[in-house]
Amino acid sequence: MIVSIAIKPELVCPAGTPASLRMAVDFGADAVYCGFQDATNARNFPGLNFTFAELKSSVLYARKKSVKVLLALNTFPPAGKFALWKNAVDHAVMLGVDALIIADIGVAHYARVRYPDIRLHLSVQASASSPEAIKYYCEEFDVKRVVLPRILTIPEIKALKREIPCEVECFIFGNHGLMAEGRCGLTNYATGLSTNMDGVCSPAQHVAYEEGRNRETTTKLNGFAIDCFSCSENPGYPTICKGRYYAAHKPEGYYAFEEPISLNLAELLPDLVKAGVDAFKIEGRQRSKAYVQKVVSSWRRAIDQAMAGESIDIPDLLSLTEGHKQTQGAYESKRWR
Amino acid sequence: MKGGAEEHGDRSGHKLSLVSGLYFLAVPLPLPIVNIMFKRLMVAITTKRPELFARLAGHYHKTFLINPTNLPFVIELSPDPRQPRLRACRRRSTAHADASITGSFLTLMGLIDGRLDGDALFFSRDIKVEGDTEALVSLRNALDDIEGSIAQDIAAILGNLGLFALKVTRRISDRVHSH
């Protein structure tokens, strides 16, 4: 595939720890996104994320190499707990991050009023996919970029881009979750903790893996069996939306919401560039620095090749993907799920 | 869970014999002497890497069982900065552990060396985890945030022989996991 376009999209890479951030910076990220060690971001996992001091040194490291740092503040503050999000905004601005990735209108309002110069990106958690919704955030909070939900085809993205006054960022690789970002209540139902307010999808303290007599693995979340993998099957994340369930019409069990699978848009990269996408996002703040190194370097090369009009040669990333399966999801066609 | 040695043997025959050789070399190892070395390593790492314990938060007092399927012993880890403990013991005499991780020696080495991704190894069933998932996730993230790696630290403490062994291990691991 050959493509030749002048404007180079930004490669936005994940970092769950300072070591991963350095890896992303060193291997070709244009921007790295990360979060604090609390409920203000949607990857609030044990041992993951940044202290204020770590973010400070990480921003300095990235800046020396002209790489931007974006801070994910992409959860929704419950009533009475807004101070945590305000504190996070205050620290992020003080520490010099290049943009805040927000989802909640209260957080957006606070950041815009208190810090008129801070750049705001609209998180995928806001689930804004129509021109009307996106324009609202642009007009009210001066949002400069929207991260699109993974529900649009490439022609739809192209059409949308013409109608909105901000940049567009699309996921190109990684976890392919339930297409109701910011609205999913499955974890909350099963554990009492909220993906969108506590920042934890399938909190680790509620996850259990049990091996059976035939070496099959049962995954449980707070006692609810989510799936059972035979020893020849590749398991996925212990999330309810990737579980297999029995139903009257499906007595053999089936993936009711989504299956363990990862997004990989390598083959669609030239079309996405042509559609005017301003930034490509890689999912995976919960992953290791080894993942970051391999994925970031691969996509760096692929984007550079696309921009140079060369054919794209991306290494096989299947071994890193959930369930060892890949999809182009709705980007390729609305037939997905 | 696939057995590590068999699995890697399927991928490449000569690696099976190498890993089998490692097993037979390790069988006669006197564990009390191994444990003296482990104790020294643990003290040195605790001194060198205080940041490791911050990410463990409330889990440093827990016991982790590291189970290399193709070695004749398992390793108990208690990452308490005040009383760190790393102890090899025979499988039949394993004490209670809060969480365990099982995989081939090369796979587990690749993990603590920061060269392999834990989630990918779980997806491919190269590792198996049991017990306290939160403690394991914390430990994984703590080890992953190390500049360099714990494996590199250990090799450096062991001197030239350790560094050579790490180099060889990395070379084999890269070949095995690139398949």
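What counts, and at which threshold
Residues numbered from 1 in each chain as written. Chains lettered and ligands numbered in written order. Predicted model: local features only at pLDDT ≥ 70, side-chain atom pairs only at ≥ 80, totals over all residues. Heavy atoms only, no water. Helix = DSSP H or I, 4+ residues; strand = E, 2+ residues; numbered from the N terminus. Rg over C-alpha atoms; globule rule 2.2 N^0.38 Å. Buried < 20%, exposed > 50% of the residue type's maximum accessible area, 1.4 Å probe, protein only. Contact = heavy atoms within 4.5 Å. Areas by Shrake-Rupley, 256 points an atom, 1.4 Å probe, with all protein chains shown as cover. Lys, Arg positive; Asp, Glu negative; His and termini not counted. Charge placed at Lys NZ, Arg CZ, Asp CG, Glu CD. Buried area = accessible area lost by both parts, 1.4 Å probe. Salt bridge = Lys/Arg side-chain N within 4 Å of Asp/Glu carboxyl O. Nonpolar A, V, L, I, M, F, W, Y, C, P; charged D, E, K, R; others polar. Pairing = 2+ DSSP bridges. Core = buried A, V, L, I, M, F, W, Y, C linked by side-chain atoms within 4.5 Å. Domains from an automatic or database assignment. Polar contact = N/O pair within 3.5 Å; in protein donor to acceptor, adjacent residues only side chain to side chain. Axes fitted to C-alpha atoms, helices over the stretch in contact; angles between N-to-C directions. Parallel < 35°, antiparallel > 145°, perpendicular 65-115°, else oblique. Left-handed = near helix turned anticlockwise from the far one by under 90°.

Asker: What is the right way to read the overall build of chain A from this model?
Answerer: A count of helices and strands for chain A gives ten helices and 15 strands. A compact globule built from 337 residues would reach a C-alpha radius of gyration of about 20 Å, and chain A, at 20 Å, matches this within 12%. The 337 residues of chain A split such that 58% are buried. Looking at chain A alone, contacts between residues at least 24 apart form 63% of all its contacts between residues at least 6 apart. Put simply, chain A shows about 13500 Å² of open surface, and 53% of that area lies on carbon and sulfur atoms. Distance from the positive charge centre (39 side chains) to the negative charge centre (37 side chains) of chain A: 3 Å.

Asker: What is the right way to look at the overall build of chain B in this model?
Answerer: Check the secondary structure of chain B and you find nine helices and five strands. Long-range pairs, those at least 24 residues apart, make up 67% of the contacts in chain B between residues at least 6 apart in sequence. As presented, chain B carries roughly 8400 Å² of accessible surface, and 63% of it is formed by carbon and sulfur atoms.

Asker: Is there a simple way to explain the interface of chain A and chain B in this structure?
Answerer: In many analyses, interface size is given as the accessible surface area lost on bringing the parts together. Opposite the 40 residues of chain A that make contact, chain B presents 28 residues. The contact between chain A and chain B buries some 2700 Å² in all, and 46% of this surface belongs to carbon and sulfur atoms. On the chain A side of the interface with chain B, the three residues burying the most area are Pro46, Tyr209 and Lys289 of chain A, jointly 22% of the side's total. Counting the contacts that link chain A with chain B gives five salt bridges. Of all the secondary structure elements, the ones that give two or more residues to the side of chain A that touches chain B are helix H1 (18-26), strand E8 (207-211) and helix H9 (289-307) of chain A. Here the residues of the side of chain A that touches chain B are counted per class, giving 15 nonpolar, 17 polar and eight charged.

Asker: Which parts of the structure should I look at to understand the pairing of strand E1 (residues 64-68) of chain B?
Answerer: Consecutive side chains of a regular strand alternate in pointing toward one face of the sheet and then the other. Residues and elements named next belong to chain B. A large share of E1 lies buried, amounting to four of its five residues. As defined by bridge partners, E1 adjoins strand E4 (residues 99-103) across five bridges and the pair is classed as parallel. Note that in E4 the partner of Ile66 across the bridge is Ile101. Linkage of E1 to strand E2 (residues 74-78), two consecutive antiparallel strands, is achieved through a turn of five residues.

Asker: When you look at the nonpolar core in this model, what are you seeing that I'm missing?
Answerer: Considering soluble globular proteins, one finds that nonpolar side chains tend to be buried as a cluster. Counting 86 residues, the largest nonpolar core has Leu55, Leu100, Trp299 and Tyr331 of chain A as its most contacted members. Broken down by element, the residue count for this core peaks at nine residues, all from H9 of chain A. Leave out the neighbours within four places in its chain, and Leu100 of chain A touches Leu71, Leu73, Val89, Ala92, Ala111, Ile118, Arg119, Leu120 and His121 of chain A. One finds Leu221 of chain A together with Leu77, Ala88 and Val129 of chain B within the second-largest nonpolar core, a separate group that totals 39 residues.

Asker: What am I meant to see in the domain arrangement of chain A here?
Answerer: Residue and element names in this part refer to chain A. Here chain A is partitioned into domain 1 (10-176 + 261-332) and domain 2 (186-255). Distance between the C-alpha centres of domain 1 and domain 2: 27 Å. If you look at the interface, domain 1 gives 20 residues, while domain 2 gives 13 residues. Buried area between domain 1 and domain 2, both sides added, is near 1200 Å², and the carbon and sulfur share of it is 49%. Where domain 1 meets domain 2, there are one salt bridge. Between Lys242 and Glu322 there is a salt bridge, and its shortest N-O distance comes to 2.6 Å. Counting across the interface, domain 1 meets domain 2 through ten residue pairs in polar contact (both at pLDDT 80 or more). Looking at the side of domain 1 that touches domain 2 residue by residue, the class counts come to eight nonpolar, nine polar and three charged.

Asker: How should I be thinking about the packing of H1 of chain A against helix H2 (residues 52-64) of chain A in this particular structure?
Answerer: Relative orientation and spacing of two packed helices are given, respectively, by the angle between their axes and the distance between those axes. Residues and elements named next belong to chain A. Orientation of H1 relative to H2, taken along the N-to-C sense of each, is 10°, at an axis distance of 10 Å. Looking at the two axes, H1 sits roughly parallel to H2. Of the residues in H2, those in contact with Pro18, Leu21, Arg22, Val25 and Asp26 of H1 are Glu54, Ser58, Tyr61 and Ala62. For the contact of H1 with H2, the class distribution of residues is five nonpolar, one polar and three charged.

Asker: Even after reading the chapter, I still don't get unusual backbone geometry, so can you show me in this structure?
Answerer: One can expect most non-glycine residues to show negative phi and most peptide bonds to be in trans. All names here are of chain A. Even without being a glycine, Asp142 presents a positive backbone phi close to 55°. Locating Asp142 in the fold gives a position in the loop between helix H5 (131-141) and strand E6 (143-147). Even without being a glycine, Asn222 presents a positive backbone phi close to 50°. Within the element layout of this structure, Asn222 appears in the loop between strand E9 (217-221) and strand E10 (224-229). Judged by relative accessible area, Asn222 falls into the partly exposed class, the value being 38%.

Asker: Help me understand H1 of chain A, please; the structure alone is not making it clear to me.
Answerer: Residues spaced three or four apart along an α-helix face the same direction, because each turn holds 3.6 residues. Across the nine residues of H1 of chain A, seven count as buried, placing the element largely inside the fold. Where H1 of chain A is concerned, the buried positions are Pro18, Ala19, Ser20, Leu21, Met23, Ala24 and Val25 of chain A. Looking at the buried side of H1 of chain A, the elements it contacts are strand E1 (10-14), strand E2 (31-34), H2, strand E3 (68-73) and H9 of chain A together with helix H7 (133-144) of chain B. One or two positions beyond H1 of chain A, positive phi appears at Gly28 of chain A, with a value near 115°.

Asker: Please explain the packing of helix H8 (residues 150-158) of chain B against helix H9 (residues 160-177) of chain B as it appears in this structure.
Answerer: All names here are of chain B. Running from N to C, H8 and H9 point in directions that differ by 145°, and their axes come no closer than 5 Å. The handedness of the crossing between H8 and H9 comes out as right-handed. Across the interface between the two elements, Ala151, Gln152, Ala155, Ala156 and Leu158 of H8 pack against Asn160, Leu161, Gly162, Leu163, Leu166 and Arg170 of H9. Considered class by class, the residues forming the contact of H8 with H9 number seven nonpolar, three polar and one charged.

Asker: Looking at this structure, how should I read the sheet that holds E9 of chain A?
Answerer: Whether parallel or antiparallel, the strands of a sheet pair through hydrogen bonds between backbone atoms. Residues and elements named next belong to chain A. Taking strand neighbours across the sheet as the criterion, the three strands line up as E8-E9-E10 in an open arrangement whose pairing is antiparallel. Edge positions in the sheet fall to E8 and E10, since each of these pairs with one other strand and no more. Strand-to-strand twist in this sheet, taken as the mean axis angle between neighbours without regard to direction, amounts to 20°. Of the strand pairs in this sheet, E8 and E9 are connected by five bridges, and their pairing is antiparallel. Across the sheet, Glu210 pairs through a bridge with Thr218, a residue of E9.

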